[in-house]
Amino acid sequence: MRDAIHIINELRAYDLEREWFEFKVNWYKADELGEYISALSNSAAWEGKQQGYFVWGIDDVTHEIKGTDFNCNQNVRNEPLKHYLARRLSPDINFMFEEIWSEDKKLVLLTIPAAKSVPTAYDRERYIRIGSSKENLRKYPEKESYLFDLLRHGHPTMENTPSDHQELSFEKLMIYYGAKGLKLNPDTFKKNLSLYTEDGKYNILAQLLSDDSHIPVRVAIFSGKSKADQLYSVREFGNQCLLYSLDEILRYGDVLNIIQADETNRIVERKEVPLFENDAFREAVVNAFVHNKWIGGNEPMITVFSDRIEILSRGSLAPEQTMEGFFAGESVPVNRKLSEIFLQLHISEKTGRGVPLITERYGREAYEFRENSIVVTIPFRWINKVGDKVGDKVGDKVGDKNSHLTQTQASILTEIRNNPDITKPELAEKLKLGKTTVDKGIAVLKQRGVIERVGSNKSGYWKAL
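Cut-offs used in this document
Residues numbered from 1 in each chain as written. Predicted model: local features only at pLDDT ≥ 70, side-chain atom pairs only at ≥ 80, totals over all residues. Heavy atoms only, no water. Helix = DSSP H or I, 4+ residues; strand = E, 2+ residues; numbered from the N terminus. Buried < 20%, exposed > 50% of the residue type's maximum accessible area, 1.4 Å probe, protein only. Contact = heavy atoms within 4.5 Å. Salt bridge = Lys/Arg side-chain N within 4 Å of Asp/Glu carboxyl O. Core = buried A, V, L, I, M, F, W, Y, C linked by side-chain atoms within 4.5 Å. Polar contact = N/O pair within 3.5 Å; in protein donor to acceptor, adjacent residues only side chain to side chain. Axes fitted to C-alpha atoms, helices over the stretch in contact; angles between N-to-C directions. Parallel < 35°, antiparallel > 145°, perpendicular 65-115°, else oblique. Left-handed = near helix turned anticlockwise from the far one by under 90°. Nonpolar A, V, L, I, M, F, W, Y, C, P; charged D, E, K, R; others polar. 1 Å grid on protein atoms, 1.4 Å probe; cavity = no way out; pocket = protein on both sides within 12 Å on 5 of 7 lines; lining within 4 Å. Points joined across faces, edges and corners; volume = space filled by probe spheres on them. Pairing = 2+ DSSP bridges. pLDDT = per-residue confidence, 0-100.

1. Some thoughts on the environment of serine 163
No. 1: Looking at where serine 163 falls in the secondary structure, it is placed in the loop between helix H4 (141-153) and helix H5 (171-179).
No. 2: Take serine 163: its relative accessible area is 6%, and that puts it in the buried class.
No. 3: With 40 residues separating them along the chain, serine 163 and asparagine 203 place their C-alpha atoms 4.7 Å apart.
No. 4: Once residues within four sequence positions are removed from consideration, serine 163 is found in contact with Tyr202, Asn203, Ile204 and Gln207.

Right under this line is the structure:
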(Lines give C-alpha, C1' and ligand atoms only; values in the text may rest on other atoms or scores of the structure.)
Protein backbone atom coordinates (compact mmCIF):
# COMPACT_ATOMS: atom_id res chain seq x y z
CA MET A 1 0.00 0.00 0.00
CA ARG A 2 1.26 3.46 -0.81
CA ASP A 3 2.08 5.56 2.24
CA ALA A 4 -0.07 8.53 3.22
CA ILE A 5 2.32 11.30 2.15
CA HIS A 6 2.67 9.66 -1.27
CA ILE A 7 -1.12 9.69 -1.66
CA ILE A 8 -1.39 13.31 -0.54
CA ASN A 9 1.29 14.46 -2.99
CA GLU A 10 -0.46 12.53 -5.74
CA LEU A 11 -3.70 14.40 -5.00
CA ARG A 12 -1.90 17.75 -4.81
CA ALA A 13 -0.60 17.19 -8.35
CA TYR A 14 -4.11 17.71 -9.75
CA ASP A 15 -4.85 21.28 -10.79
CA LEU A 16 -8.33 21.17 -9.22
CA GLU A 17 -10.14 19.03 -6.68
CA ARG A 18 -11.95 16.07 -8.17
CA GLU A 19 -15.22 14.48 -7.08
CA TRP A 20 -13.39 11.77 -5.12
CA PHE A 21 -11.14 13.92 -2.90
CA GLU A 22 -11.43 17.07 -0.80
CA PHE A 23 -8.87 19.43 0.76
CA LYS A 24 -9.43 21.47 3.91
CA VAL A 25 -7.14 23.23 6.39
CA ASN A 26 -8.86 23.31 9.79
CA TRP A 27 -12.53 22.80 8.89
CA TYR A 28 -14.49 20.41 11.11
CA LYS A 29 -18.20 19.63 11.67
CA ALA A 30 -18.89 16.08 12.76
CA ASP A 31 -22.17 15.38 10.98
CA GLU A 32 -21.18 17.24 7.83
CA LEU A 33 -17.98 15.19 7.80
CA GLY A 34 -20.19 12.09 7.82
CA GLU A 35 -22.02 13.47 4.81
CA TYR A 36 -18.67 14.04 3.09
CA ILE A 37 -17.71 10.41 3.75
CA SER A 38 -20.95 9.29 2.06
CA ALA A 39 -20.39 11.66 -0.88
CA LEU A 40 -16.74 10.75 -1.41
CA SER A 41 -17.46 7.02 -1.11
CA ASN A 42 -20.20 7.20 -3.73
CA SER A 43 -18.23 9.51 -6.02
CA ALA A 44 -15.18 7.24 -5.86
CA ALA A 45 -17.40 4.38 -7.05
CA TRP A 46 -18.82 6.62 -9.77
CA GLU A 47 -15.31 7.48 -11.00
CA GLY A 48 -14.07 3.90 -10.80
CA LYS A 49 -11.66 4.65 -7.92
CA GLN A 50 -10.97 2.23 -5.09
CA GLN A 51 -10.96 4.98 -2.46
CA GLY A 52 -11.97 8.54 -1.86
CA TYR A 53 -9.92 10.93 0.29
CA PHE A 54 -10.41 13.85 2.68
CA VAL A 55 -7.22 15.72 3.57
CA TRP A 56 -6.73 18.34 6.30
CA GLY A 57 -3.82 20.76 6.15
CA ILE A 58 -3.89 21.49 2.39
CA ASP A 59 -5.16 24.74 0.86
CA ASP A 60 -8.06 23.79 -1.43
CA VAL A 61 -7.13 26.43 -4.03
CA THR A 62 -3.33 26.47 -4.20
CA HIS A 63 -2.85 22.91 -2.87
CA GLU A 64 -0.01 24.24 -0.70
CA ILE A 65 0.79 22.52 2.60
CA LYS A 66 -0.55 24.71 5.40
CA GLY A 67 -0.75 22.28 8.29
CA THR A 68 -3.79 21.64 10.49
CA ASP A 69 -4.89 21.58 14.11
CA PHE A 70 -7.71 19.10 13.35
CA ASN A 71 -7.73 16.26 15.89
CA CYS A 72 -9.09 12.99 14.52
CA ASN A 73 -9.02 11.44 18.02
CA GLN A 74 -11.44 13.93 19.59
CA ASN A 75 -14.80 13.01 21.09
CA VAL A 76 -18.29 13.92 19.92
CA ARG A 77 -20.84 13.92 22.76
CA ASN A 78 -18.59 11.72 24.90
CA GLU A 79 -18.04 9.28 22.02
CA PRO A 80 -14.87 8.93 19.90
CA LEU A 81 -15.33 10.64 16.52
CA LYS A 82 -14.54 7.43 14.62
CA HIS A 83 -17.25 5.50 16.47
CA TYR A 84 -19.71 8.37 16.10
CA LEU A 85 -19.27 8.41 12.31
CA ALA A 86 -19.18 4.62 11.92
CA ARG A 87 -22.52 4.13 13.73
CA ARG A 88 -24.29 6.47 11.33
CA LEU A 89 -22.79 5.11 8.09
CA SER A 90 -24.49 2.30 6.21
CA PRO A 91 -23.46 -0.10 4.97
CA ASP A 92 -20.41 -0.33 7.20
CA ILE A 93 -17.22 0.91 5.48
CA ASN A 94 -13.72 0.66 6.87
CA PHE A 95 -12.64 4.32 6.70
CA MET A 96 -9.30 5.23 8.29
CA PHE A 97 -7.64 8.38 9.71
CA GLU A 98 -3.85 8.88 9.53
CA GLU A 99 -1.74 11.71 10.94
CA ILE A 100 1.37 12.62 8.93
CA TRP A 101 4.04 15.28 9.22
CA SER A 102 5.37 17.04 6.11
CA GLU A 103 7.53 20.17 6.01
CA ASP A 104 7.24 20.21 9.82
CA LYS A 105 3.46 20.59 9.50
CA LYS A 106 0.75 18.16 10.57
CA LEU A 107 -1.57 16.69 7.95
CA VAL A 108 -4.49 14.31 8.41
CA LEU A 109 -5.56 11.88 5.70
CA LEU A 110 -8.98 10.22 5.80
CA THR A 111 -9.16 7.24 3.41
CA ILE A 112 -12.72 6.25 2.40
CA PRO A 113 -13.46 2.97 0.56
CA ALA A 114 -15.61 3.31 -2.54
CA ALA A 115 -19.21 2.12 -2.30
CA LYS A 116 -19.60 -1.51 -3.35
CA SER A 117 -23.01 -3.12 -3.72
CA VAL A 118 -25.21 -0.14 -2.68
CA PRO A 119 -24.51 3.58 -2.23
CA THR A 120 -23.05 4.67 1.10
CA ALA A 121 -25.46 6.60 3.33
CA TYR A 122 -25.03 8.79 6.42
CA ASP A 123 -28.00 9.02 8.78
CA ARG A 124 -30.02 7.21 6.08
CA GLU A 125 -29.30 9.87 3.46
CA ARG A 126 -27.08 9.29 0.46
CA TYR A 127 -24.76 12.02 -0.82
CA ILE A 128 -22.61 12.56 -3.89
CA ARG A 129 -20.17 15.15 -5.18
CA ILE A 130 -21.05 17.29 -8.18
CA GLY A 131 -17.92 19.16 -9.07
CA SER A 132 -16.58 20.29 -5.69
CA SER A 133 -20.05 20.50 -4.09
CA LYS A 134 -21.57 17.91 -1.76
CA GLU A 135 -25.19 17.21 -2.68
CA ASN A 136 -28.03 14.99 -1.44
CA LEU A 137 -28.39 12.22 -4.00
CA ARG A 138 -32.21 12.29 -3.71
CA LYS A 139 -32.17 15.64 -5.52
CA TYR A 140 -30.73 13.91 -8.60
CA PRO A 141 -32.86 10.81 -9.32
CA GLU A 142 -31.14 10.07 -12.64
CA LYS A 143 -27.72 10.07 -10.97
CA GLU A 144 -29.07 7.91 -8.16
CA SER A 145 -30.49 5.40 -10.64
CA TYR A 146 -27.23 5.36 -12.61
CA LEU A 147 -25.17 4.81 -9.44
CA PHE A 148 -27.31 1.83 -8.40
CA ASP A 149 -26.96 0.36 -11.90
CA LEU A 150 -23.22 0.96 -11.89
CA LEU A 151 -22.79 -0.77 -8.52
CA ARG A 152 -24.80 -3.77 -9.74
CA HIS A 153 -23.30 -4.18 -13.22
CA GLY A 154 -19.97 -2.34 -13.21
CA HIS A 155 -18.70 0.54 -15.28
CA PRO A 156 -19.64 0.84 -18.95
CA THR A 157 -16.81 -0.06 -21.32
CA MET A 158 -16.35 -0.24 -25.07
CA GLU A 159 -16.94 -3.98 -24.82
CA ASN A 160 -20.12 -4.06 -22.73
CA THR A 161 -21.84 -1.01 -24.25
CA PRO A 162 -23.98 -1.78 -27.33
CA SER A 163 -23.61 0.39 -30.39
CA ASP A 164 -26.55 2.39 -31.67
CA HIS A 165 -25.57 1.05 -35.11
CA GLN A 166 -26.01 -2.69 -35.64
CA GLU A 167 -25.69 -2.88 -39.44
CA LEU A 168 -21.88 -2.99 -39.54
CA SER A 169 -19.36 -4.36 -42.03
CA PHE A 170 -15.62 -4.93 -41.59
CA GLU A 171 -14.01 -5.17 -45.04
CA LYS A 172 -11.50 -2.38 -44.33
CA LEU A 173 -10.50 -4.00 -41.03
CA MET A 174 -9.73 -7.26 -42.83
CA ILE A 175 -7.60 -5.37 -45.38
CA TYR A 176 -5.77 -3.43 -42.67
CA TYR A 177 -4.81 -6.58 -40.80
CA GLY A 178 -3.71 -8.19 -44.07
CA ALA A 179 -1.46 -5.23 -44.87
CA LYS A 180 0.22 -5.78 -41.48
CA GLY A 181 0.89 -9.43 -42.33
CA LEU A 182 -1.93 -10.71 -40.10
CA LYS A 183 -4.92 -12.65 -41.32
CA LEU A 184 -8.29 -12.44 -39.62
CA ASN A 185 -10.45 -15.54 -39.68
CA PRO A 186 -13.81 -14.40 -41.13
CA ASP A 187 -15.68 -16.84 -38.89
CA THR A 188 -14.05 -15.99 -35.56
CA PHE A 189 -12.47 -12.52 -35.67
CA LYS A 190 -15.52 -10.74 -34.25
CA LYS A 191 -15.46 -12.92 -31.17
CA ASN A 192 -11.67 -12.87 -30.87
CA LEU A 193 -11.59 -9.07 -31.04
CA SER A 194 -14.47 -8.78 -28.52
CA LEU A 195 -16.82 -7.00 -30.92
CA TYR A 196 -19.98 -8.33 -29.22
CA THR A 197 -21.71 -7.54 -25.95
CA GLU A 198 -22.77 -10.46 -23.75
CA ASP A 199 -26.20 -10.52 -25.40
CA GLY A 200 -24.72 -10.72 -28.91
CA LYS A 201 -25.02 -7.10 -30.04
CA TYR A 202 -22.26 -5.14 -31.74
CA ASN A 203 -20.51 -2.96 -29.16
CA ILE A 204 -18.78 0.44 -29.36
CA LEU A 205 -15.47 -1.21 -30.24
CA ALA A 206 -17.12 -2.91 -33.22
CA GLN A 207 -18.59 0.42 -34.34
CA LEU A 208 -15.15 2.08 -34.26
CA LEU A 209 -13.50 -0.71 -36.25
CA SER A 210 -16.29 -1.02 -38.81
CA ASP A 211 -16.23 0.42 -42.32
CA ASP A 212 -18.29 3.37 -41.06
CA SER A 213 -17.58 4.34 -37.45
CA HIS A 214 -20.29 7.02 -37.55
CA ILE A 215 -17.87 9.25 -35.62
CA PRO A 216 -16.18 12.27 -37.23
CA VAL A 217 -12.51 12.95 -36.55
CA ARG A 218 -11.33 16.37 -37.68
CA VAL A 219 -8.21 18.53 -37.80
CA ALA A 220 -9.03 22.24 -37.56
CA ILE A 221 -6.50 24.91 -38.53
CA PHE A 222 -6.80 28.48 -37.23
CA SER A 223 -4.92 31.44 -38.65
CA GLY A 224 -3.72 32.71 -35.27
CA LYS A 225 -3.07 31.65 -31.70
CA SER A 226 -6.67 31.10 -30.55
CA LYS A 227 -10.05 29.92 -31.78
CA ALA A 228 -11.13 33.55 -31.89
CA ASP A 229 -8.94 33.88 -34.99
CA GLN A 230 -10.11 32.99 -38.47
CA LEU A 231 -10.74 29.29 -39.13
CA TYR A 232 -8.45 28.51 -42.04
CA SER A 233 -9.50 24.94 -42.84
CA VAL A 234 -11.08 21.78 -41.43
CA ARG A 235 -10.03 18.35 -42.67
CA GLU A 236 -12.33 15.37 -42.11
CA PHE A 237 -10.76 11.98 -41.35
CA GLY A 238 -13.60 10.17 -39.57
CA ASN A 239 -16.67 8.11 -40.42
CA GLN A 240 -14.52 5.15 -41.45
CA CYS A 241 -12.57 2.39 -39.74
CA LEU A 242 -10.73 4.07 -36.85
CA LEU A 243 -7.40 2.55 -37.88
CA TYR A 244 -7.55 4.31 -41.25
CA SER A 245 -8.54 7.60 -39.62
CA LEU A 246 -5.48 7.36 -37.39
CA ASP A 247 -3.15 6.59 -40.30
CA GLU A 248 -4.47 9.51 -42.32
CA ILE A 249 -4.09 11.98 -39.44
CA LEU A 250 -0.51 10.84 -38.85
CA ARG A 251 0.23 11.35 -42.55
CA TYR A 252 -1.40 14.77 -42.41
CA GLY A 253 1.03 15.56 -39.61
CA ASP A 254 3.81 15.10 -42.18
CA VAL A 255 2.07 17.67 -44.36
CA LEU A 256 1.85 20.20 -41.54
CA ASN A 257 5.43 19.60 -40.41
CA ILE A 258 7.20 22.05 -42.69
CA ILE A 259 10.95 21.50 -43.06
CA GLN A 260 12.62 24.87 -42.60
CA ALA A 261 16.06 25.99 -43.78
CA ASP A 262 18.19 27.30 -40.91
CA GLU A 263 20.86 29.57 -42.40
CA THR A 264 22.29 30.49 -38.99
CA ASN A 265 26.10 30.11 -38.90
CA ARG A 266 25.97 28.37 -42.25
CA ILE A 267 29.36 27.23 -43.59
CA VAL A 268 28.71 24.57 -46.23
CA GLU A 269 25.23 23.09 -45.89
CA ARG A 270 22.13 24.64 -44.41
CA LYS A 271 20.50 22.90 -41.46
CA GLU A 272 16.98 21.60 -41.99
CA VAL A 273 14.69 22.06 -38.99
CA PRO A 274 11.18 20.58 -38.78
CA LEU A 275 8.37 22.80 -37.55
CA PHE A 276 7.66 20.40 -34.70
CA GLU A 277 8.87 17.07 -33.30
CA ASN A 278 7.09 14.46 -35.40
CA ASP A 279 7.67 11.58 -33.00
CA ALA A 280 6.12 13.57 -30.15
CA PHE A 281 3.13 14.42 -32.37
CA ARG A 282 2.71 10.78 -33.31
CA GLU A 283 2.83 9.56 -29.72
CA ALA A 284 0.32 12.21 -28.62
CA VAL A 285 -2.14 11.34 -31.40
CA VAL A 286 -1.87 7.56 -30.87
CA ASN A 287 -2.38 8.00 -27.12
CA ALA A 288 -5.38 10.27 -27.74
CA PHE A 289 -7.00 7.58 -29.91
CA VAL A 290 -6.30 4.63 -27.63
CA HIS A 291 -7.27 6.39 -24.37
CA ASN A 292 -10.19 8.48 -25.61
CA LYS A 293 -13.53 7.98 -23.83
CA TRP A 294 -15.25 6.63 -26.94
CA ILE A 295 -18.31 5.38 -25.04
CA GLY A 296 -19.33 9.01 -24.59
CA GLY A 297 -19.78 9.29 -28.36
CA ASN A 298 -17.15 12.03 -28.67
CA GLU A 299 -13.96 11.92 -30.69
CA PRO A 300 -10.47 13.35 -30.03
CA MET A 301 -9.86 16.87 -31.33
CA ILE A 302 -6.73 18.07 -33.11
CA THR A 303 -6.41 21.83 -33.43
CA VAL A 304 -3.60 23.63 -35.22
CA PHE A 305 -2.74 27.22 -34.30
CA SER A 306 0.02 29.45 -35.66
CA ASP A 307 2.33 28.55 -32.76
CA ARG A 308 1.30 25.05 -31.68
CA ILE A 309 -0.81 21.91 -32.15
CA GLU A 310 -3.23 20.82 -29.43
CA ILE A 311 -4.30 17.16 -29.23
CA LEU A 312 -7.34 16.66 -26.99
CA SER A 313 -8.70 13.32 -25.81
CA ARG A 314 -12.01 13.00 -23.99
CA GLY A 315 -12.29 11.69 -20.46
CA SER A 316 -9.59 11.40 -17.82
CA LEU A 317 -6.90 8.97 -16.71
CA ALA A 318 -7.84 5.35 -16.14
CA PRO A 319 -9.16 4.84 -12.59
CA GLU A 320 -6.11 2.75 -11.62
CA GLN A 321 -3.68 5.25 -13.14
CA THR A 322 -1.79 7.52 -10.75
CA MET A 323 -0.39 10.86 -11.85
CA GLU A 324 3.13 9.75 -10.92
CA GLY A 325 2.76 6.53 -12.89
CA PHE A 326 1.39 8.42 -15.86
CA PHE A 327 4.42 10.69 -16.15
CA ALA A 328 6.75 7.74 -15.55
CA GLY A 329 5.29 5.98 -18.59
CA GLU A 330 3.52 3.25 -16.60
CA SER A 331 0.52 3.19 -18.90
CA VAL A 332 -2.85 1.95 -17.67
CA PRO A 333 -5.19 1.80 -20.69
CA VAL A 334 -8.62 3.40 -20.55
CA ASN A 335 -9.82 1.07 -23.33
CA ARG A 336 -8.14 -2.26 -22.68
CA LYS A 337 -9.21 -4.19 -25.78
CA LEU A 338 -8.49 -1.29 -28.14
CA SER A 339 -5.05 -0.99 -26.52
CA GLU A 340 -4.45 -4.71 -27.15
CA ILE A 341 -5.40 -4.27 -30.82
CA PHE A 342 -3.02 -1.31 -31.20
CA LEU A 343 -0.23 -3.41 -29.67
CA GLN A 344 -1.05 -6.37 -31.92
CA LEU A 345 -0.83 -4.13 -34.99
CA HIS A 346 2.35 -2.44 -33.72
CA ILE A 347 0.66 0.95 -33.74
CA SER A 348 1.72 1.41 -30.12
CA GLU A 349 4.13 -0.42 -27.86
CA LYS A 350 4.34 -1.66 -24.27
CA THR A 351 7.39 0.40 -23.37
CA GLY A 352 5.28 3.40 -22.34
CA ARG A 353 7.73 5.79 -23.97
CA GLY A 354 5.15 8.26 -25.29
CA VAL A 355 4.54 10.42 -22.22
CA PRO A 356 8.20 10.46 -21.08
CA LEU A 357 9.26 11.38 -24.62
CA ILE A 358 6.87 14.33 -24.72
CA THR A 359 7.71 15.55 -21.22
CA GLU A 360 11.44 15.24 -21.95
CA ARG A 361 11.01 17.54 -24.95
CA TYR A 362 8.48 20.00 -23.57
CA GLY A 363 8.15 19.41 -19.81
CA ARG A 364 5.11 18.29 -17.84
CA GLU A 365 3.38 21.54 -18.72
CA ALA A 366 2.78 20.04 -22.18
CA TYR A 367 -0.09 18.16 -20.49
CA GLU A 368 -3.20 19.91 -19.24
CA PHE A 369 -5.70 17.85 -17.24
CA ARG A 370 -9.13 19.39 -17.58
CA GLU A 371 -12.26 18.17 -15.85
CA ASN A 372 -13.38 15.96 -18.76
CA SER A 373 -10.42 15.91 -21.11
CA ILE A 374 -6.63 15.79 -21.41
CA VAL A 375 -4.81 18.18 -23.77
CA VAL A 376 -1.27 17.75 -25.10
CA THR A 377 0.40 20.81 -26.61
CA ILE A 378 3.14 20.41 -29.24
CA PRO A 379 4.79 23.82 -29.80
CA PHE A 380 6.10 25.00 -33.16
CA ARG A 381 9.71 25.98 -33.67
CA TRP A 382 9.67 28.69 -36.31
CA ILE A 383 13.07 29.48 -37.84
CA ASN A 384 11.89 31.95 -40.47
CA LYS A 385 9.28 34.62 -39.98
CA VAL A 386 6.08 33.39 -41.59
CA GLY A 387 2.52 34.46 -42.08
CA ASP A 388 -0.32 33.22 -39.95
CA LYS A 389 -1.59 30.48 -42.21
CA VAL A 390 -0.34 26.99 -41.45
CA GLY A 391 -1.48 25.11 -44.54
CA ASP A 392 -0.16 27.56 -47.15
CA LYS A 393 3.62 27.85 -46.77
CA VAL A 394 5.15 28.31 -50.22
CA GLY A 395 7.84 30.43 -51.86
CA ASP A 396 10.80 31.86 -49.96
CA LYS A 397 9.25 31.09 -46.56
CA VAL A 398 10.38 27.47 -46.48
CA GLY A 399 13.69 27.41 -48.32
CA ASP A 400 15.29 27.87 -51.73
CA LYS A 401 13.87 24.72 -53.31
CA ASN A 402 10.38 26.23 -53.11
CA SER A 403 11.38 29.68 -54.33
CA HIS A 404 10.62 30.97 -57.81
CA LEU A 405 7.63 28.68 -58.23
CA THR A 406 4.99 29.86 -60.62
CA GLN A 407 1.59 30.63 -59.17
CA THR A 408 0.23 27.40 -60.69
CA GLN A 409 3.04 25.31 -59.19
CA ALA A 410 2.61 27.02 -55.82
CA SER A 411 -1.15 26.33 -55.91
CA ILE A 412 -0.58 22.64 -56.68
CA LEU A 413 1.93 22.42 -53.80
CA THR A 414 -0.54 24.08 -51.41
CA GLU A 415 -3.29 21.59 -52.27
CA ILE A 416 -0.91 18.65 -51.86
CA ARG A 417 0.20 19.97 -48.46
CA ASN A 418 -3.41 20.33 -47.36
CA ASN A 419 -4.48 16.94 -48.72
CA PRO A 420 -1.77 14.33 -49.40
CA ASP A 421 -4.39 11.93 -50.79
CA ILE A 422 -5.54 14.32 -53.53
CA THR A 423 -5.51 12.91 -57.08
CA LYS A 424 -4.45 14.62 -60.29
CA PRO A 425 -8.06 14.82 -61.57
CA GLU A 426 -9.09 16.36 -58.25
CA LEU A 427 -6.27 18.90 -58.53
CA ALA A 428 -7.36 19.80 -62.03
CA GLU A 429 -10.97 20.24 -60.95
CA LYS A 430 -10.19 22.21 -57.79
CA LEU A 431 -7.69 24.56 -59.44
CA LYS A 432 -9.61 24.81 -62.74
CA LEU A 433 -6.56 23.59 -64.66
CA GLY A 434 -6.09 21.23 -67.56
CA LYS A 435 -4.65 17.75 -67.07
CA THR A 436 -1.49 18.61 -68.97
CA THR A 437 -0.89 21.70 -66.82
CA VAL A 438 -1.27 19.65 -63.64
CA ASP A 439 1.09 16.97 -64.96
CA LYS A 440 3.75 19.59 -65.85
CA GLY A 441 3.38 21.33 -62.49
CA ILE A 442 3.80 18.06 -60.59
CA ALA A 443 6.79 17.12 -62.73
CA VAL A 444 8.51 20.40 -61.82
CA LEU A 445 7.77 19.94 -58.11
CA LYS A 446 9.18 16.40 -58.22
CA GLN A 447 12.26 17.55 -60.13
CA ARG A 448 12.98 20.22 -57.53
CA GLY A 449 12.59 17.72 -54.72
CA VAL A 450 9.58 19.53 -53.28
CA ILE A 451 7.26 16.50 -53.36
CA GLU A 452 7.47 12.78 -53.88
CA ARG A 453 4.92 10.06 -54.50
CA VAL A 454 4.73 7.40 -51.79
CA GLY A 455 3.20 4.13 -53.00
CA SER A 456 1.34 3.50 -56.23
CA ASN A 457 -0.60 6.05 -58.27
CA LYS A 458 -3.81 4.29 -57.24
CA SER A 459 -3.38 3.76 -53.51
CA GLY A 460 -0.41 5.94 -52.56
CA TYR A 461 -0.20 9.54 -51.38
CA TRP A 462 1.85 12.70 -51.84
CA LYS A 463 4.59 13.65 -49.41
CA ALA A 464 5.71 17.27 -49.31
CA LEU A 465 9.47 17.47 -48.57
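Now that the structure has been shown, the text picks up again.
2. Remarks on the pattern of salt bridges
No. 1: Summed over all chains, the structure comprises 22 salt bridges.
No. 2: With a closest N to O distance of 4.0 Å, lysine 134 and glutamate 32 form a salt bridge. Placement of the pair is lysine 134 in strand E10 (residues 133-136) and glutamate 32 in helix H2 (residues 30-46), with a sequence separation of 102 residues.
No. 3: Of the charged contacts in the structure, one is a salt bridge between arginine 87 and glutamate 79, with a shortest N-O distance of 2.8 Å.
No. 4: Given the relative accessible area of 17%, glutamate 79 is considered buried.
No. 5: Through salt bridges with shared partners, one network takes in Glu22, Lys24 and Arg129.

3. Observations regarding the side chain of serine 245
No. 1: Along the polypeptide, serine 245 turns up in helix H8 (residues 242-256).
No. 2: Aside from chain neighbours lying at most four places away, what touches serine 245 is Phe237, Gly238, Gln240 and Phe289.

4. A look at the nonpolar core
No. 1: Counting 89 residues, the largest nonpolar core has Leu173 and Tyr367 as its most contacted members.
No. 2: Formed by 21 residues, the second largest nonpolar core is a distinct cluster that contains Ile37, Cys72, Tyr84 and Ile93.

5. Remarks on the side chain of threonine 197
No. 1: The residue threonine 197 is located in the loop between helix H6 (189-192) and helix H7 (204-209) in this model.
No. 2: Of note is the side chain of threonine 197, whose polar atom sits 2.3 Å from the side chain of aspartate 199.
No. 3: Setting aside anything within four residues of it in sequence, one finds threonine 197 in contact with Glu159, Asn160, Thr161, Pro162 and Asn203.

6. Description of the packing of helix H9 (residues 278-291) against helix H12 (residues 354-362)
For any two helices packed against each other, the geometry is given by the interaxial angle and the distance between the axes.
No. 1: Axis separation between H9 and H12 bottoms out at 9 Å; the angle between their running directions is 135 degrees. Considering their axes alone, H9 and H12 lie oblique with respect to each other. The crossing of H9 and H12 is left-handed. The segment H9 lies against H12, with Asp279, Ala280, Glu283, Ala284 and Asn287 engaging Gly354, Val355, Leu357, Ile358, Arg361 and Tyr362.
No. 2: A class-by-class count of the residues in the contact of H9 with H12 yields six nonpolar, two polar and three charged.

7. Some thoughts on the layout of surface pockets
The gaps left among the atoms become clear once a water-sized probe is rolled over them.
No. 1: The space that makes up the largest pocket amounts to roughly 1400 Å³.
No. 2: Mapped onto the lining of the largest pocket, the elements with two or more residues apiece are H2, strand E9 (125-130), H4 and strand E18 (373-379).
No. 3: At four residues, H4 tops the list of elements feeding residues into the lining of the largest pocket.
No. 4: Class assignment for the residues of the lining of the largest pocket results in 22 nonpolar, 13 polar and 14 charged.
No. 5: One number sums up the size of the second largest pocket: a volume of about 650 Å³.

8. Describing the sheet that holds strand E5 (residues 89-90)
No. 1: Read from one edge to the other, the open sheet built from four strands follows the order E5-E8-E9-E10, with strand pairing classed as antiparallel. Among the strands making up the open sheet, the edge pair consists of E5 and E10.
No. 2: One ladder, built from two bridges, connects E5 with strand E8 (residues 121-122); its direction is antiparallel. By the bridge assignment for E8, leucine 89 is matched with tyrosine 122.

9. As for unusual backbone geometry
No. 1: In the segment running from serine 90 into proline 91, the intervening peptide bond is cis, with an omega of -10 degrees.
No. 2: Note that proline 91 resides in the loop between E5 and strand E6 (96-102).
No. 3: One non-glycine residue, serine 194, lies in the positive phi region at around 60 degrees.
No. 4: Locating serine 194 in the fold gives a position in the loop between H6 and H7.
No. 5: Its relative accessible area of 26% is what places serine 194 among the partly exposed residues.
No. 6: Residue histidine 214 is not a glycine yet carries a positive backbone phi of 60 degrees.
No. 7: Mapping histidine 214 onto the fold places it in the loop between H7 and strand E11 (218-222).
No. 8: Given the relative accessible area of 34%, histidine 214 is considered partly exposed.

10. Remarks on the sheet that holds strand E2 (residues 51-56)
No. 1: Taken in spatial order, the four strands make up an open sheet running E1-E2-E7-E6, and their pairing is mixed. Edge strands, defined here as strands with exactly one partner in the open sheet, are strand E1 (21-24) and E6. In this sheet, neighbouring strand axes are inclined to one another by 20 degrees on average, regardless of whether the strands run parallel or antiparallel.
No. 2: Note: E1 against E2, four bridges, orientation parallel. Across the sheet, the residue bridging to lysine 24 is tryptophan 56, located in E2.
No. 3: Most of the contacts of H2 go to E2, to which it runs at about 140 degrees, and overall it touches E1, E2, E6 and strand E7 (105-113).

11. Thoughts on the confidence of the model for the protein
No. 1: The predicted model of the protein has a mean per-residue pLDDT of 88, with 92% of residues at 70 or higher.
No. 2: When pLDDT is averaged over each element of the protein, E8 comes out on top at 98 and strand E13 (residues 259-262) at the bottom at 77.

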